[in-house]
Amino acid sequence: MDIEQIIKRIDEVHKQNRTTEILLLVGTAILFACGISCFILAIAKHEYAWGAPPVVTTGLLYFPLKEIKDLRKKNIALATAPALISTLPKAKAAEEISKLLQNLFGNHE
């Protein structure tokens, strides 16, 4: 497999990750806007008990934001890897690619 095929595959992964990232950002923004709107409405109507569910659901936005952060880290690693690895000898490049894949997609226990 030559470097052009590798770069093409990496570009395809970037496109898939970018689509997922955009969907997560849009969904997160909608959830955040709904949560804040409900919270403000609960305070304005002096129904403070109705403010608790939006606070909880807005707090749950931590998980999609964490996923977006992980996707961005992987995108950066995938974008820089070909340029860095192309300067190495073939045996060392294969070893570094293996390490990169293990770091990106290995077991995270």
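Above this text is the structure in question.
Parameters at a glance
- Residues numbered from 1 in each chain as written.
- Predicted model: local features only at pLDDT ≥ 70, side-chain atom pairs only at ≥ 80, totals over all residues.
- Heavy atoms only, no water.
- Phe/Tyr/Trp six-rings, centres within 6.5 Å; stacked < 30°, edge-to-face > 60°.
- Buried < 20%, exposed > 50% of the residue type's maximum accessible area, 1.4 Å probe, protein only.
- Axes fitted to C-alpha atoms, helices over the stretch in contact; angles between N-to-C directions.
- Helix = DSSP H or I, 4+ residues; strand = E, 2+ residues; numbered from the N terminus.
- Parallel < 35°, antiparallel > 145°, perpendicular 65-115°, else oblique.
- Contact = heavy atoms within 4.5 Å.
- Nonpolar A, V, L, I, M, F, W, Y, C, P; charged D, E, K, R; others polar.
- Patch = residues over 30% accessible without salt bridge, like charges linked within 9 Å, V, L, I, M, F, W, Y side chains within 5 Å.
- Areas by Shrake-Rupley, 256 points an atom, 1.4 Å probe, with all protein chains shown as cover.
- Salt bridge = Lys/Arg side-chain N within 4 Å of Asp/Glu carboxyl O.
- Core = buried A, V, L, I, M, F, W, Y, C linked by side-chain atoms within 4.5 Å.

**Student:** So what about the packing of aromatic side chains? Which residues, and what values?
**Tutor:** The tally for this structure, following the rule as stated, stands at one aromatic pair. Taking 5.3 Å as the distance between ring centres and 75 degrees as the angle between the ring planes, the aromatic pair formed by tyrosine 62 and phenylalanine 63 counts as edge-to-face. Summarising the burial analysis for this pair, tyrosine 62 and phenylalanine 63 share the class exposed.

**Student:** How would you explain the packing of helix 3 (residues 62-85) against helix 4 (residues 90-105) if you had to name every residue and give the values?
**Tutor:** Each packed pair of helices is defined by two parameters, the angle between the axes and the distance between the axes. Interaxial distance between helix 3 and helix 4 falls to 11 Å at its minimum, and their mutual angle equals 175 degrees. Taken as axis vectors, helix 3 and helix 4 run roughly antiparallel relative to one another. Contact residues: Lys74, Ala77, Leu78, Ala81 and Ile85 in helix 3; Ala93, Glu96, Ile97, Leu100, Leu104 and Phe105 in helix 4. Among the residues forming the contact of helix 3 with helix 4, the class breakdown is nine nonpolar, no polar and two charged.

**Student:** So what about a nonpolar patch on the surface? Which residues, and what values?
**Tutor:** A grouping of Phe32, Ile36, Phe39, Ile40, Ile43, Tyr48 and Val55 is seen on the molecular surface, where their side chains present a nonpolar patch of about 650 Å² in accessible area. Ranked by the residues each element gives to the nonpolar patch, the list is headed by helix 1 (residues 3-44), at five residues. Counting through the fold element by element, tyrosine 48 comes out in the loop between helix 1 and helix 2 (52-59). Residue classification places tyrosine 48 among the exposed positions, given a relative accessible area of 55%.

**Student:** Which residues make up the nonpolar core, and what are the values?
**Tutor:** Grouped together as the largest cluster of nonpolar side chains are eight residues: Ile10, Ala77, Leu78, Ala81, Ile85, Ala93, Leu100 and Leu104. Those elements that provide at least two residues to this core are helix 3 and helix 4. With four residues, helix 3 is the largest single contributor of residues to this core. If near-sequence neighbours (up to four positions away) are discounted, alanine 93 is found in contact with Ile85 and Leu88.

**Student:** Give me the lowdown on the environment of alanine 79, citing residues and values where you can.
**Tutor:** Here alanine 79 shows up in helix 3. Residues alanine 79 and isoleucine 7, spaced 72 residues apart in sequence, show a C-alpha to C-alpha distance of 8.8 Å.

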